[in-house]
Each structure stands twice: as structure tokens, then as C-alpha cells.
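Residue-level structure breakdown
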Amino acid sequence: MLKIQSSKQWVSQVSQVNDWVLLCLWVFIGSILRFTNLAAKPPWTDEFATMVFSLGNNFTSVPLNQVISLDTLLQPLRLNADANIGDIVSLLLREDNHPPLYFVLVNLWVKLFPSSGEYVDVWVMRSLPALLGVLSIPAVYFLAKIAFRSRLIAQISAALMAVSSYGIFLAQEARHYTLAILFVIASLICLVVSLRHLYQQTLIPLWLVFSWILINSLGLSVHYFFCLTLVGEAITLGILSYFKFQQNVSASLQRNLIRILLVIVGTTTTGLIWMFVVIPQGYGNNMITWIHPLSHILYAISPPFQLFAVWVPMISLLPVESDSIPVVILSGLILLLFFIWFIPYINRGIKTGMQLNQFRLPLLILMTFIAGVISLFLIITYVIGQDLTRAARYSFTYFPAVMVLVGASLGILWNEVKPENIILQQKKTLNPLILLRKLYDKLNSNGKLAFTAVWVMGFLGAITVMVNLGYQKYYRPEQFISVIKETASQPVLIATTHKSLVQTGEMMGIGLELHNKSELENISFLLIHQEQDNSPETTKILQQTVENISDPLEVWTVNFNAPIDFKNCTVDVKNYPYIDGYGYKRYICN
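The rules behind the values
- Residues numbered from 1 in each chain as written.
- Predicted model: local features only at pLDDT ≥ 70, side-chain atom pairs only at ≥ 80, totals over all residues.
- Heavy atoms only, no water.
- Helix = DSSP H or I, 4+ residues; strand = E, 2+ residues; numbered from the N terminus.
- Buried < 20%, exposed > 50% of the residue type's maximum accessible area, 1.4 Å probe, protein only.
- Contact = heavy atoms within 4.5 Å.
- Areas by Shrake-Rupley, 256 points an atom, 1.4 Å probe, with all protein chains shown as cover.
- Salt bridge = Lys/Arg side-chain N within 4 Å of Asp/Glu carboxyl O.
- Pairing = 2+ DSSP bridges.

**Remarks on the overall build of the protein chain**
A count of helices and strands for the protein chain gives 22 helices and 6 strands. Put simply, the protein chain has 590 residues, and 53% of those count as buried. Counting contacts in the protein chain only where the partners sit at least 6 residues apart, residues at least 24 apart contribute 79% of the total. Here the protein chain displays about 27,000 Å² of accessible surface, and carbon together with sulfur accounts for 63% of that area.

**Regarding the pattern of salt bridges**
Following the criterion strictly, the structure yields 10 salt bridges and no others. Between Glu118 and Arg78 there is a salt bridge, with its nearest N and O atoms 3.2 Å apart. Of this pair, Glu118 sits in the loop between α5 (101–110) and α6 (122–148) while Arg78 is found in the loop between α3 (70–73) and α4 (85–95), placing the two residues 40 residues apart along the sequence. Of the residues examined, Glu118 reaches a relative accessible area of 41% and is grouped as partly exposed. Connected through shared salt-bridge partners, Glu47, Arg126, Glu173 and Lys473 make up one network.

**As for the pairing of strand β2 (residues 492–498)**
Across the 7 residues that make up β2, a large majority, 7, are buried. Burial of β2 is two-sided: the residues Val492, Ile494, Thr496 and His498 facing one way and the residues Leu493, Ala495 and Thr497 facing the other way are all buried. Pairing of β2 with strand β3 (residues 523–529), which is carried by 7 bridges, proceeds in the parallel orientation. Bridge pairing in β3 links Thr497 to Ile528.

Geometry only, nothing functional implied.
Listed below in C-alpha cells is the structure:
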């Protein structure tokens, strides 16, 4: 008997070792996908905000309404040894619309690396979110394992997180979203454990209550939209508690409700403290004006499609942003066929799991939570008039729950093998429709094959993002510089209108690319501040500045929101290529 018990214990230990080895494999794959080509894509305005504020600098050091050099434009990217944590916190509350925790961490992170040049290294800035993105792989593993008490579902969830196109997109930006995702995962673990205690009518431990409050407070100090996660959790708690206990309120339930109320009060108090700290300082500084009100019919119907465009790359993405039209068409067709199979298959896995007692509660928690957060997106969009669906990155608020839900569905159908349509499978043909039907039936009748197909599609999506054929940056300064290099024949002045640090970041993108390539000289910049578009004062400043330059000059206006009236300059009517993020015109001045 002792030998049998020892044998079972040994088998269990071997199984656990294999479990850890497999998890390490997903972490290894996820690390390669997140760190490869990490600094290859040029930063965009939001990333410049992270870099500048994390260094303890600000954008006001860039002069306005006067011609400046490349070195002056990039001044905010210089390392600032004198800045301390207090300076960074004060700077964030005064100049930006984000809480300071991540920026403080970045400041400490940058100091771990030796200086490699006169400006901060983009790779160093992106390496922290990439590392945090890697940590989300084991974090999702533990969320799935705790929720479903299944190593299989946990491994599948981790495998999907490792190759998620959306996860890699967020991990390769010098922003705070991967840190926020870790707090979303931690908060969801607390939600799952608390609801399990409620359903089993056992007391929620006090350590869990205070841990949950701390996690929520830290999450709010990373990103204010973390509150969408918290409201989604509150909706989940309310709905599932109501339907479970509407006719049976026991003494243990009352005590648990008091502890959940303590979590809500503690979290809300933290949120109110942040609110009273930030709002008196002028929250946002007009930094969210790009989230347009729903005043146009296209804006009114686009939010659901924009949400769907986020859900797809959570699972897979192909090169739909390629310059080759045939590649775009083929990629779109493959994705369409894949999701025509994928969505019903996942739905079948969820329906099967809902019939099993061990999976019903965690499935209900995840589905209610996801639906709650998405409902908040639509309410804020249509009722308040601020279209949060425009920004794919804001879906970090429920992204981990989607990965675990998909992982659970695949895991539930893992051992399913159906020898269906044998005649069809044995039929030899080159008819593409019949071949597609055979593939469709094979994927529907073999759980392991279905997971393999989903993971391979995810891996292809990860490669797509890694080589910049998917989730391309909003600004392409390298393309703009190529146009100038091929065209300009005399010194260049790049002029733009300025309203906030966004426009400064647009110019810094061009400037940093110029600095890194060291190919072009005699380029200067002019940022003209304006309060309103089409301001005549802006036109006058540009005109006077150019007239005061006696040498031959080319003026390239970029995203210039005012009339242009030059006396001694002629516009170049050549049809130049469209470049993302930069609307430009060339003027030749004598």
C-alpha cells in the first residue's frame, strides 16, 4: 500500500514538473515575440509623453513660435539626473492626464541601464512594458488555474496569451498598459475567489479583502480607466449574487456582503482621493479632445465595429495593413474563414462547460464581467458622447478575461473526438469548397487539433505585429523623412501648428528618426501655437518667420491647421504619397 501511495505521489510530482516546464516554454516564446524588433518601430506621441515625463522633463522646454534646431526639439529626451520621484509626480499631475505610478517605475528602470547616448534609449523605455507583458503569461495561467481548477485550461490560456497579437502590441509600446493588465488579472483573481466563497457560503478571508483593496488602489494609480474593470467586477458581483441569493440570505452571506462592501468602500475612497488630487489641477489639459463626440452618422454606427476590430487580434491577426493589396485581401479572407469556424466552436465549448458544475460558476463570472465592461464602453460612448472604442488599448480592462474564457472553451473540448463525416473525409478531391468543408469538420471533431489551429493562427498574428504588418504605429516619420530625402534640394523648415504636447510629440518623432539615421542636415523646426484652428495669427507668424530667412528655403508644412499665404514661395503640386500621421505640403521659397 505504501508503495502504491509513493508511486502516485511521484507521478503527481512529475506531472507538476512537466506543468512548470510547459509554462516556461510559453514564457520563452512570449519573451521572444515581445522583445524581437522592440525598438524597430518609431515612437509615437503617447510614447514620447511617457519618455519625457518619466525622465522628469516636460515639453515646455521646446520653444514655440520660433525656428529651433533638432537638438532643441529633442531636449526633453535628455537624461535628467536631478529629477526625483516627487518631481515626476508633480509633473504628471500638472501636465498630463495619467496617474504617476508607472512613470515613477520607468524613472527607476532607466537608471538601471548605462547611458548609451545623449538621448534616452527607446529600447530601454519599451523593455519594461515588454517584460511586464511577459509576466502576464504566468499571471493568466494562475487566473485560469484558480478560476477553473484545471491545469489544462491554465496552460491553454497561457499559450494563447503568449502569442496574442493584441498583447504583443501593448507590450511593444512604451506605455503603462501591460502593468495595468497585471492588476486587472490580480483583481479578477480576487473576484473569482470571493464569488466562490459566496456560492459555497464560506467566509471571505480578511487578508483577501485587504489584498483586493490594495490591488484596486494600485490599479487606479496606473490608469484611471482601470475603474472600468472595477465597475465591471461590481456588476458581476451584483448580478451573480442577486440570482443566487435572492430568496436565501443566510448569516454567512450577510458577513460576506459586509466584507465585499468594505472592498467597495476602500477602493472608492482611493478613487476619490485621486479625483480630488487631480481635478483641481485641471484634469487632462485638453488631452482627450481626440475622443470625438458622436455627432456624425458614421461615428454613431462605428463603435461596435471598432470593438470587434479589437476582439479579432486578441486571438489572431494577419498582415491586413500590408502595402500589397493581394496580401491584404488574402489575409482578410483567411481571417474571415478562421473566425467563421472559431466563433461557433468557442460558443459550443462554453455551452458544454455551462452544463458541468465545476465550470459553470467561473464561466458565468468571466462572461458577466466581459459583458459588463463592454456595456460600459457603449454607455460612455453613446450616452456621455466620448467614444472610448476608438482606442484599442483601452480594452486592456477586460483583455485577460477574454483570453481565459477562450482558453476554458478550448480546454473543455480538449478530449473531444468525433469520427463524423467519414465518407466526406475519405473523399479525394481538389475542389476548394470540399477541402474547406473537410478542414472545418476536422477542426470541429478534434479538440487538440482545434487548439493547435487557434495557437498557430495566434502565432502568425504575433509575427505580423512583430514585423510591423499589423498594429502599425499611428505615425510613420521614417516614410516622411524618406520623401524629404528624395525631394529636398535646399535647407528645410518643417512647420506645424501647436495646441498641446501631442503636436510636439509628432515633431519629436520626425526629429528622433533624423537623429538616429544621421542622414539629413540643415533641417529646422517651427511650432506655432494656436488656440483655434484656422487662426489668422498663425498664418501671420509663419509668413513673417519665412520672410526673415534670407537664404533659399523649403518649407514643409505638417498637420498645419491654418491658411498658408506666402509671398515668395510656390507650392509643389507634385502628388506625394500618403503617410500615416503626417499630412504635409512642400513650398519652395526664394
